Structure formats: structure tokens, C-alpha cells
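# Close look at the chain arrangement
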Number of protein chains: 2
Amino acid sequence: MYNDRPKKRYKHMKNATSPVPHLTTVLTGPLLQVEKQILDNQTKIESWFRKQWRQTPAPFYTSMDIRNSRYKISPVDTNLFPAGFNNLNSDFEAICIQSIQLAVEQIGSNIDRILLIPENHTRNMYYMENVAILYSLINKAGFDVRIGALVTDDSDPSTISLDSGAELQLFPIVRDGDCVVIDDFKPELIVLNNDMSGGRPDILENISQFITPSLNLGWSSRLKSVHFGHYKTIASEFSEQIGIDSWLIDPLFRNCGEINFMKREGNTCLQSNVDALLIATQKKYDEYGVDQKPYVVVKADSGTYGMGVMMAHSAEEILELNRKDRTRMSKTKEGKKVTKVIIQEGVYTNETWGVDKMVAEPVVYMIGKNVVGGFYRVHAKKGSNENLNSPGMQFEPLAFDDCCVSPDIEKSPDAHSNRFYTYGVIARLANLAAARESVRR
Amino acid sequence: MYNDRPKKRYKHMKNATSPVPHLTTVLTGPLLQVEKQILDNQTKIESWFRKQWRQTPAPFYTSMDIRNSRYKISPVDTNLFPAGFNNLNSDFEAICIQSIQLAVEQIGSNIDRILLIPENHTRNMYYMENVAILYSLINKAGFDVRIGALVTDDSDPSTISLDSGAELQLFPIVRDGDCVVIDDFKPELIVLNNDMSGGRPDILENISQFITPSLNLGWSSRLKSVHFGHYKTIASEFSEQIGIDSWLIDPLFRNCGEINFMKREGNTCLQSNVDALLIATQKKYDEYGVDQKPYVVVKADSGTYGMGVMMAHSAEEILELNRKDRTRMSKTKEGKKVTKVIIQEGVYTNETWGVDKMVAEPVVYMIGKNVVGGFYRVHAKKGSNENLNSPGMQFEPLAFDDCCVSPDIEKSPDAHSNRFYTYGVIARLANLAAARESVRR
């Protein structure tokens, strides 16, 4: 229908290993309208973002899970300790390097030495490839960088050899007065790639060095409902600017405090909220002529790592969980107990890839206020309403062939660079929510 | 000798239209040492630059002509009104866009509308392609941009159709109180891509809008000898940091005031300076075992545009110029009279491209403090000591396949990404000289 073949100078799609998923449906519904509104208002949007970032500095780095359902595009999760940098298109390495330089500069001048603290699960080689890329990017940005291990015992430095050929040295970090150090390496900045699901590490309390993200932003303190509360406000401000219904970019949600799945406590709250959300969603579906069955996603309010998540098309599905499923919903990463949940409008993924029509979900990465790329999680065996970031999930990462920085107004709204620009805008809105969340801590 | 084949994830050389020139000589002399020293000190260098840019903000944009002679790498010209953005690798468009956002932000907040003022020679389609790229980059960076023509009469807007398919609209600019405007378009920032060789345009005097570069930096006010004076200081500070002889990155120079080629005035000054420079260069050649004949380049001290430039191996060659050559040396762009000259140590270009060993000279581009890429000027018929940026020169631009942002320490110093990093460092040193020149105005 549209000619979205790239113009020669953009050289899109030249990399045969990074094809871009296409929507399964012909885009004539409101989605195209949303994208069109975003493209038509690019200068206004960029000006608005410039103002927002002056008021609220962006987090050091983030990744945003996004779902594109033909009728709406929404963020579904915002990660302040992003892994997966190894899935990005290495063509945009320079953008990452430049963004790191800028993000560090905004934290403080006179920063030359950076300590990167990863998660402890160092046997996850896939995760360690991410650490290797982060290490390399920070190093190439012109900083002296070390990888520090959060260990409680007196371990020796360890070396990890990765499939990519990289060798990572991990040094146990030591407290020295009001600083953390590795031997004679005293960093001015500590970058956390550890979401502190297990709680705030004692060794990092009250240090005089810069630390980013703040210890207050670990999943032991953060609530998804607070994040999406900020997002709702932002989506509404933004939508007013460009004249769209904010529902088209904002998933409805409700939250329940004090839930105990094992003891079936809090069921009344769950029931009424799930019912209310399904009714509200159906009303919007009717308004936009969406012929799909509304569903909700129930998630632990503080952190998931893809755990403690379930989908339901009715309150009964949740209330009638069997023991195994209730056990699964009761715990999240590192065995943390789930006591609060957020119930979110389920957003169908109607983006698929390949002849097998595998479900594809975009993940967008940012460093500071800059979008630096993204990738698609592609999975053959999952349905369009399932969670692609679930334990044991075998997804195939497909790096974006564009770094979402700018649209190409000469092309149709669903052309790759324009789709990616829209994703970049949605990601920045979610990132802004994370930024507002951060300053209030 | 070295294996500088790219690692898979960097995908260098994938673009068959952008091969990278190789040095003709095997790099075992001091050049390799310079590059090695630069690579070994990357963190120190980046930290040093961070400090410099905090003290002295970088110009909005610049391009630096560089010469690589096996024994030294030097900047030979720094342009504050760079053309040729159309010669850069479009793969690095995102880096340009991000750098423009940053550079504009550093000029002032609340800038949404930008007026770009190009040179008046709008019939040079090659130059206009550059304007089209600048327009597109500023627009993609999220600004409302117009192209304003510096015309003295009441012209109508004109449209220029370019070979690339772009259509440019040029609007005559009008003074409105202390602002310049185009109809109801009142820009907050004016970006000059016009080097004002003909003098400061009246219409831009005492405006309240931001204007960059400053009117004081046009070639009617700037002196190359001032620029290279700053560069000498910077090269010496930098060389001390990383432990190299600053001559390896700094061309010797001397200047003569009040020259009149037509009347043969100022010959004594020319003679003594040329002699002194050739002797000093020979001394350095002896020290480094360089087996080439020293030469000097004589240029108009204020602006050239490739005009008013000559090479000489002895003072006599200059003193015995015939009438035609003296006429040629007496005038520069827009017929401006040459009254002052700078005499610079000639740096041989020992970088060649292709089986025909065509001479290749790197040109590096920066936006703000960021290197955003570059290209090689390649010319089959020129010798290694000739000026590739001369009138009527038919050069073939070869875009760099790397944006010079970071080295790859795992590769040999002469690997592409490392050579480009070195060029990026030299370009930044020259840019810093331009920055210091700018704050003093």
C-alpha cells in the first residue's frame, strides 16, 4: 500500500540479520492517526521534551517495553537498571558513547573513574554479555571503568570469558571510609546495573561518591503503580499538546494493596478492580471498534523480572487460581514476597515477524534523554496477549535498524523510521515518568 | 603486517562505496608512535578534553583539513562555516542530529526556530546539497528551520531543485526592529553558513537574537596566524600530557604583515621567514630521518577558500613569481585583497587511495564538541605537496566509514577506527584553538 522502501542515502535494511517486523494488519485505524499526529507535530513534541528535560533530568539509562496493538501503542514496563545492551544494533555504538559522555557530565564534572556494579548472577552468560557491552561503551566514552562485584565475603577478583570473546574482570568492592574502592581504584561515579531486588546494599549506604540510579530506585522501594501514575499525568499533558485521546498511548490501571495469593487475601479488591478495568477497556474498544476481548495483566507492584505476572480475561480466572499458580504469583525475583499488585489493561501485541507470524515486542533503550536504539523480542510460541519477558522465555532479539532519533516526513507514517520515531516518543514519555519518579525520592 | 580486519560486530567496510584510503608506507616511523601514544592515553585525553570544553565552549560547527605525512599528522585549516556536510556518511546522521540538539541547547534554552543563512553562490549545486543536508539535520533535531538569503534587493522567495531530489526554499530575510525575520517566522537562533568574506552584513548587526558563529569570526576579521598561535599553545599543552614532541602534530609557521604581491612589497620579510621555516623544518626532518625536501605554504592570513595559496621549496620561488602568479596570490574570495600572509611548514600528504595511488586528505567535521565524521578529498592529478582545496579542484569525496568517536584498543594503531580516532583527536585540538579564538572576540 505504502512505498516504504528506504531512500538510498538511509541504507536501511542493508543488514540482512536485522529485518524489521511488520504489523500483521493494514494500518487504517486510529493507530495510523496517532502516528500521523506524532509525525505532524515533531517540532512541537521535541520542543516539549526539551522543556521537560530541563525541568526533570532524565535517568542515567533505561529500557522501555512497548506494545503495539494496531489501535494503541503503550509502554508496559520501564526498567531503570536495563540489561540487554548486547541486543542493540552496534551501528549505533557512537550514539551510545556520546550519550554516556553527556549523561555522566550531567551528573557531575571531574568524573574520570566509573565503577559498574552488575547483578550477582554472573553465571548468566547472556546477561554478562550486556555487562561487557556496557563496560566497553563507558570505556570508549573516555572513562576509566572497573566492574565491581557486590559480594559479602572476601572473594578474589574473578575473570569471566564470554562467547563473544570478551573477558570480564570482576573485582570485589571494599568500603573505605565514605567511599567504595577496588584496591587503589577510587571511582567518582558508581553506575548500578543491579536492581537491588534483595534490598539496599549496606556497602553503598551513605557514600560520598555519585551513585546512579539512586539506591531509592531499586525494586525494593519502587512501585509500578507510582510509575504509571506519573505516566498517566504525562500522557495526558502530551496528548493535549498534539490533540489525541490519551488512552491511545496509555494503558488503564488500578492497584490493590495487601494481597496474599496463598491465603486468598485481598480477593474482593482484586475482583472489583479487575471487573472495573475490563468494563472500562470494553468501553474504549467499543468507541474505537476494536474487535478483541479485553484482558488484564496482574503484576507484583514492586518489580517482576518477568515473574509474578499473569493475564486474565475475567476476575474469576484470578480468584480460581490453583495452588501451583498461586505459589507462582506469590514470589518474585530473589524470593521476594508479593503483597501489592498492579492491575493493568492488557494491550495486545499485534506486531508479528516472519512468515510464521511470530509475536514481536519492541524494547527501546535510552541513555540520559537520548534514545539509543532498541530491539524486538520475537517468540514463535507465545500468543499476542502473553508476556514475552517471562522466566525461561526463549526470545530472539532483533536489533532495530534505526535509532529512533528522527522521523522521515517524506515517508508514510508506518515506514520503519517513522514507526521507530513513534516508539522513541512513547519511550521518552515513559522515561519522563521515571524521571519524575526519581526526583521525588 | 597488521590484521586490521574488522571484528564482526563493527561491520566496517560493509559499504562498498566508502573504502578507506591506506597509507602508502608501512607505518614503523614516529607516526605509529604518535598514534600509539594517543591510543594508550585515551582516558587521559578524553578527561583533558572534558576539562577544556568546560572552560571554553566549542564552536557550533567546524571542519578541519588534516594532513597525514607518515612522520606527522597536522591540521592545516579550520573552517568555522563548514560546507561539505553532504560528503559525510549518512550512517552517522543520528550522531549529527544529537550533536545539533546539544549544541543548540548550549547556546540557549527556549530555542525552537532556527534560521540558516548560507553563502550567496546559490548556483553552486554542490554547495547547495550541503545546505540541504544541514537543513534536514536541524529539522530532524526537532527545530523549525528556514533558509534565509542575504540579499540586498527586494527579492521573492526562490526554490532550488537539487540532483538529490531535495527542494530548497530560500527566503529573503528582513530586518524588524532588533530582529531578522522571514514574514511571520521570527527565529530565536541564526546559524551562519556564510563566512562573510565580503564583510559583516549590516542586516545582522546588533540583533537581539542568538547568532552563531559570531559576526566577529567571519574571514573579514579572522586571522589564520591567530588561530595557529592558539593551536601551538594547545598542541604543546596536549603533547606534554601524553609525552610526545609537539612538532609531530603541529605545523611550524611564521607570519608577515603588509605584503603586496603586485608591488613586490614585503619581500624581505617573506624571504627571511621562508628561509627560517625551511631551516627549522630541515632540522626536524634530520631529527626524525625524514627523507623529503622541506617546503612552505604561503596563504592569505585572512581566509582563502582555497584561493591565494602557493607552495614553495625556496624563498626564490616566491620572490620570482611571474605577473600571473602574483595576480593570483593578490586576491582571495570575492576579490578581497591579500595584505597579510601566513607562511606554514608544508606537510606532505602521504596517504593515498586506490591502485592509482591518488592523494587523499582527511577532512574531519565537528558539531559542538562532538566529532561527527569526515571524508577524504581524493584527487588523481595532484602531488603530495599540493593543495587539494584549490579552485576548480575536482575531488572525489570518500566518506569515512567510522565517526572517529572511539578507538578500538584491541586493534593495531593503524587500524581504521584507530586512525580515525587519531584524526578526531587532532581535529578536536584544532577546534579547541578555534574555541579559544572565539571567546577572545
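Preceding block: the structure.
An account of the accompanying structure is given in this report. (Residues numbered from 1 in each chain as written. Chains lettered and ligands numbered in written order. Predicted model: local features only at pLDDT ≥ 70, side-chain atom pairs only at ≥ 80, totals over all residues. Heavy atoms only, no water.)

### Points about the overall build of chain A
Just so we agree on the cut-off: Secondary structure elements follow DSSP: runs of H or I no shorter than four residues count as helices, runs of E no shorter than two count as strands, and numbering proceeds from the N terminus. When a residue's accessible area, from a 1.4 Å probe over protein chains only, is under 20% of the maximum for its type it is buried; when over 50% it is exposed; and in between it is partly exposed. In what follows, residue pairs with any heavy atoms lying within 4.5 Å of each other are defined as contacts.
When its secondary structure is counted, chain A shows nine helices and 19 strands. In chain A, which comprises 441 residues, the share counted as buried stands at 61%. Within chain A, counting contacts between residues at least 6 apart in sequence, those at least 24 apart form 70% of the total.

### Points about helix α9 (residues 416–439) of chain A
Applied cut-off: For a helix, the expected span equals 1.5 Å multiplied by the number of residues minus one.
The terminal C-alpha atoms of α9 of chain A lie 34 Å apart, and with 24 residues this matches the ideal 34 Å at 1.5 Å per residue to within 8%. The buried fraction of α9 of chain A amounts to 23 of the 24 residues, a majority that puts the element mostly inside the structure.

### Points about a negative patch on the surface
For clarity, the cut-off: Nonpolar side chains (Val, Leu, Ile, Met, Phe, Trp, Tyr) are joined into patches within 5 Å and like charges within 9 Å, using only residues with over 30% relative accessible area and no salt bridge. Note on areas: these come from Shrake-Rupley sampling with a 1.4 Å probe, and a residue is covered only by the protein chains present in the view. We count a salt bridge whenever a side-chain nitrogen from Lys or Arg sits within 4 Å of a carboxyl oxygen from Asp or Glu. Counted charges follow a simple rule, with Lys and Arg positive, Asp and Glu negative, and His plus the chain ends left uncounted. For this purpose, a charge sits on NZ of Lys, CZ of Arg, CG of Asp or CD of Glu.
Taken together, D275, E316, E317 and E320 of chain A make up a surface patch of like negative charges. Structurally, E317 of chain A is set in helix α7 (residues 315–319).

### Remarks on the packing of aromatic side chains
Residues and elements named next belong to chain A. Applied cut-off: Planes of paired rings set the category: under 30 degrees apart is stacked, over 60 is edge-to-face and the rest tilted, where pairs are Phe, Tyr or Trp rings (Trp by its six-membered ring) whose centres lie within 6.5 Å.
For the structure shown, the criterion picks out 34 aromatic pairs over all chains. Here the aromatic rings of F60 and Y61 are separated by 5.1 Å at their centres, their planes lie at 70 degrees, and the arrangement is edge-to-face. For Y61, a relative accessible area of 2% gives the class buried. Residues Y71 and W247 carry aromatic rings whose centres are separated by 6.1 Å and whose planes lie at 10 degrees to one another, so their mutual orientation is stacked. In this pair, Y71 sits in the loop between β2 (61–68) and β3 (73–79) while W247 sits in the loop between α5 (224–242) and β12 (253–256), placing the two residues 176 residues apart along the sequence. Just as Y71 is buried, W247 falls in that class too. Taken together, the ring pairs in this structure connect F60, Y61, F85, Y365 and F375 into an aromatic cluster.

### Notes on the sheet that holds strand β11 (residues 210–212) of chain A
All names here are of chain A. Put simply, the rule reads: Following DSSP output, two strands are said to pair if at least two bridges run between them. Here, axes are lines fitted to C-alpha atoms. For helices the fit covers the stretch in contact, and angles between N-to-C directions go from 0 to 180 degrees.
Read from one edge to the other, the open sheet built from six strands follows the order β6-β7-β5-β4-β10-β11, with strand pairing classed as mixed. In this open sheet, the two strands that pair with only one neighbour each are β6 (158–161) and β11. The sheet shows a mean angle of 30 degrees between the axes of neighbouring strands, taken without regard to direction. Of the strand pairs in this sheet, strand β4 (residues 113–118) and strand β10 (residues 189–193) are connected by five bridges, and their pairing is parallel. In the sheet register, P118 faces β10, and the bridge partner there is N193. Along the sheet face, helix α4 (residues 125–140) touches β4, β5 (144–149), β6, β7 (167–172) and β10 and points at about 170 degrees away from the line of β4.

### Re the pairing of β3 of chain A
Residues and elements named next belong to chain A. Taken across its seven residues, β3 has six buried, putting it largely inside the fold. By the bridge criterion, six bridges tie β2 to β3 in an arrangement that is antiparallel. The residue bridging D65 from the neighbouring strand is D77, located in β3. Hairpin connection of β2 to β3: four residues between the antiparallel strands, including R70 at a positive phi of 80 degrees.

### Notes on the interface of chain B and chain A
Rules: As a working definition, buried area equals the accessible area (1.4 Å probe) given up by two parts on being put together, with both sides summed.
Contacts between the two partners involve 40 residues from chain B, matched on the other side by 41 residues from chain A. Note on chain B versus chain A: buried area summed over both sides is about 3,700 Å², and carbon and sulfur give 41% of it. Counting across the chain B and chain A interface gives four salt bridges. Note that K369 of chain B is salt-bridged to E105 of chain A, the shortest N-O span being 2.5 Å.

### A closer look at the pattern of salt bridges
Scanning the entire structure with this criterion turns up 32 salt bridges over all chains. Between D40 of chain A and K36 of chain A there is a salt bridge, with the nearest N and O atoms lying 3.0 Å from each other. Residue D40 of chain A and its partner K36 of chain A are both found in helix α1 (residues 30–40); the two are separated by four residues, about one turn of the helix. A salt bridge links D112 of chain B to R50 of chain A; the nearest nitrogen and oxygen atoms lie 2.8 Å apart. Separated into two different chains, D112 of chain B in the loop between α3 (93–107) and β4 (113–118) and R50 of chain A in helix α2 (residues 42–55) make up a pair that spans both.

### Comments concerning the sheet that holds strand β15 (residues 341–345) of chain A
Sheets are built from strands that pair by backbone hydrogen bonding, the pairs being arranged parallel or antiparallel. Residue and element names in this part refer to chain A. On the basis of which strands lie adjacent, the open sheet formed by four strands has the order β12-β15-β13-β14 and antiparallel pairing. Edge positions in the open sheet fall to β12 and β14 (309–312), since each of these has one partner strand only. With strand direction ignored, the average angle separating the axes of adjacent strands in the sheet is 20 degrees.

### Side note on the packing of α2 of chain A against α5 of chain A
Residue and element names in this part refer to chain A. Here is the rule we go by: It is the rotation of the near helix from the far one that decides the hand of a crossing: anticlockwise by less than a right angle makes it left-handed, clockwise makes it right-handed.
Here α2 crosses α5 at 145 degrees, and the two axes come no closer than 10 Å. Between α2 and α5 lies a crossing whose hand is right-handed. Contact with α2, carried on its side by K44, I45, W48 and Q52, involves I234, E237, F238, Q241 and I242 of α5 and no other residues of that element.

### Some words on the nonpolar core
Rules: We define the nonpolar core as a collection of buried residues of types Ala, Val, Leu, Ile, Met, Phe, Trp, Tyr and Cys that are connected through side-chain atoms lying within 4.5 Å of one another.
Core analysis: the biggest nonpolar cluster contains 80 residues, and L168 of chain A together with L168 of chain B have the highest contact counts within it. Residues within four places of L168 of chain A in sequence aside, it is in contact with M128, V131, A132, I147, S158, T159, I160 and L162 of chain A.

### Here's the deal with the environment of F253 of chain B
Residues and elements named next belong to chain B. Mapped onto the secondary structure, F253 falls in strand β12 (residues 253–256). For the pair F253 and A280, spaced 27 residues apart in the sequence, the C-alpha separation amounts to 10 Å. Every residue in contact with F253, bar those within four places of it in the chain, is listed here: S225, F228, G229, K232, L277, I342, I343 and Q344.

### What to know about the relation of the copies chain B and chain A
The condition that has to hold: Superposition of the copies was done by least squares, using only C-alpha atoms of residues whose pLDDT is at least 70 in both.
With an RMSD of 0.0 Å, chain B superimposes on chain A once it is rotated by 180 degrees and translated 0.0 Å along the axis. Within this description, the copies of the chain are treated as partners about a two-fold rotation axis. Taking C-alpha positions as reference, the residue of chain B nearest the rotation axis is I95 of chain B, located at 2.9 Å. The residues that chain B uses at the interface reappear at the interface of chain A in 100% of cases, marking a shared surface.

### A closer look at unusual backbone geometry
In this structure, the amide linkage connecting T212 of chain A to the following residue, P213 of chain A, adopts the cis form with an omega of -10 degrees. Position of P213 of chain A relative to the elements: it lies in the loop between β11 and α5. Unlike most non-glycine residues, N206 of chain A shows phi in positive territory, near 55 degrees. Positive phi is not limited to glycine here, since N110 of chain B has a value of about 60 degrees. Along the chain, N110 of chain B turns up in the loop between α3 and β4.

### Section: the environment of S90 of chain A
In this fold, S90 of chain A is placed in the loop between β3 and α3 (93–107). Its relative accessible area of 14% is what places S90 of chain A among the buried residues.

### Notes on the environment of G257 of chain A
Residue and element names in this part refer to chain A. Position of G257 relative to the elements: it lies in the loop between β12 and α6 (267–288). With relative accessibility at 44%, the residue G257 sits in the partly exposed group. For G257 and T339, which are 82 residues apart along the polypeptide, the C-alpha to C-alpha distance reads 6.9 Å.

### Thoughts on the side chain of E188 of chain A
When you line up the elements, E188 of chain A lands in the loop between β9 (179–181) and β10. In this structure, E188 of chain A is in contact with N110, I111, D112, R113, Q209 and F210 of chain A, ignoring residues within four places of it in sequence.

### What to know about the pairing of β10 of chain A
Residues and elements named next belong to chain A. Among the five residues in β10, five count as buried, and that is most of the element. Going residue by residue along β10, you find L189, V191 and N193 tucked away on one face and I190 and L192 tucked away on the opposite face as well. Sheet topology places β10 next to β11; three bridges connect them, and they run parallel. The partner of L189 across the bridge, within β11, is F210.

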